[in-house]
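Architecture and fold: a report
Here is what each chain is made of, one letter per residue.
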Amino acid sequence: MQIKQSNPQVKSIAVRTTLLIAIYSLPFWLCLSLSIIIFRDNFVGFWLKAPGYYPFSFSMALFVVLSCSTITLWAIRNNQQEINLLFVILAIFCGCLLNILLYILYIPFPINILIIFILFLIGIVKIPSLTILITIISIFYSFLIAIPLIFIYLSCLYTQAPQNKPRSIRRRIIYIIPLLAVIIVPYTIAATIKLTPGLILPIEFRNTVGLNQFGWSYKNIINEIQKCEQLEDYIGGKKAYALAEGRSYQTFVFVGNSTNLFLEVIGEKGTAFINACSGDCGDLETLPVRIYTKSGILDITYGHICGKID
């Protein structure tokens, strides 16, 4: 691979290519959104609109969409002074992986306080520049596409080189079909066999994420779920626990704190997805629980399987 030093022309090409990849990704986002809406499970809903709660699934979808956009752009452009296709896809993968790493290292409380403070300033001062600032922070806070796009730009900046592309678009399309299959098929399988695609990640890894993010609150809720004998009636003896993808958050208020976690519990006879709560939780009958067993799927509530967690 030929590496070139950056110059104004190369930078301009890199910026234009990055913007084109972002624009070309829009139809793929639309197709992905429609498929999620059509085949969505009401227990989860339209998860794509909440990347902060579904970081693994969103990062996987982001990788698929941006990779397909890059491949499409490569196929339809006749320019022989071209980006290195595989290197750009690798850069997208690294950017999406960094999204997940940032989520693992994410400390909710200080960042929430920072955002509330900035919103407060906007409400008082009403300066347009602050509105732009909060928009940028919200993009990074929600783990949207900013980081992968930066990686795309850097890969385009340093890998522009003459490519031996087939001159015929038809031949180029045939050339990219296997690459598209390698990207799309694993994601489709993950989206089909799991409640959300990100749950294909090992349960041990997601358990570590839960411990890192929620600490003693996570341990407390797991300890209480271990005492729920009613749950064992459905899934048998409990074997493994992990943070699943969903509304997991902590609330700190003067009248009482609470922790809401969406957990996956694997038992000897089945698996349960539990919206669990610790602290000032309100009515536990409003927290849904989904149980998978060989005999079928059962939707009940957290109050039905566990008492209140102090």
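To keep things clear, this report deals only with the structure shown in the data block. Just so we're clear, the structure is a prediction, and the values are computed from it rather than from any experiment. (Residues numbered from 1 in each chain as written. Predicted model: local features only at pLDDT ≥ 70, side-chain atom pairs only at ≥ 80, totals over all residues. Heavy atoms only, no water.)

**So, the packing of aromatic side chains**
To describe a pair of aromatic rings, one takes the distance between the centres and the angle between the planes. We count it as follows: Pairing of aromatic side chains here covers Phe, Tyr and the six-membered ring of Trp, requires ring centres within 6.5 Å, and sorts the geometry by plane angle: under 30 degrees stacked, over 60 edge-to-face, intermediate tilted. Here a helix means four or more residues in a row that DSSP labels H or I, a strand means two or more in a row labelled E, and each is numbered from the N terminus. Think of it in three bands: with a 1.4 Å probe and only protein chains considered, a residue is buried below 20% of the maximum accessible area for its type, exposed above 50%, and partly exposed in between.
In total, this model carries seven aromatic pairs according to the counting rule given. Note on Trp29 and Phe58: the rings are 5.8 Å apart at their centroids and 20° apart in plane angle, and the pair reads as stacked. On the criterion of sequence distance, the pair formed by Trp29 in helix H1 (residues 8–38) and Phe58 in helix H2 (residues 55–76) is long-range, its members being 29 residues apart. For the pair shown, Trp29 and Phe58 are each scored as buried.

**A look at the environment of Thr72**
To keep things clear, this is the line we draw: Every residue pair with non-hydrogen atoms within 4.5 Å of one another is taken to be in contact. Any pair of N or O atoms that falls within 3.5 Å is considered a polar contact. Within protein, one atom must be able to donate a hydrogen and the other to accept it, and sequence-neighbouring residues count only if both atoms are side-chain atoms.
Tracing the backbone through its elements, the reader meets Thr72 in helix H2. With 101 residues separating them along the chain, Thr72 and Ile173 place their C-alpha atoms 8.5 Å apart. Beyond its immediate stretch of four places on either side in the chain, Thr72 contacts Tyr24 and Phe28. For Thr72, the side chain forms a polar contact with the main-chain oxygen of Cys68, separated by 2.8 Å.

**With respect to the nonpolar core**
Basically, it comes down to this: Among buried residues, the Ala, Val, Leu, Ile, Met, Phe, Trp, Tyr and Cys ones that are joined through side-chain atoms within 4.5 Å form a nonpolar core.
Residues Trp29, Trp47 and Ile152 are the most contacted members of the largest nonpolar core, which totals 43 residues. Those elements giving two or more residues to this core turn out to be H1, H2, helix H3 (85–105), helix H6 (146–158) and helix H7 (169–193). With twelve residues, the single largest contributor to this core is H2. Every residue in contact with Trp47, bar those within four places of it in the chain, is listed here: Ile36, Tyr54, Ser57, Phe58, Ala61, Tyr187, Thr196 and Pro197. Core analysis: the next-biggest nonpolar cluster, separate from the first, contains 29 residues, Tyr241, Ala276, Val289 and Ile300 among them.

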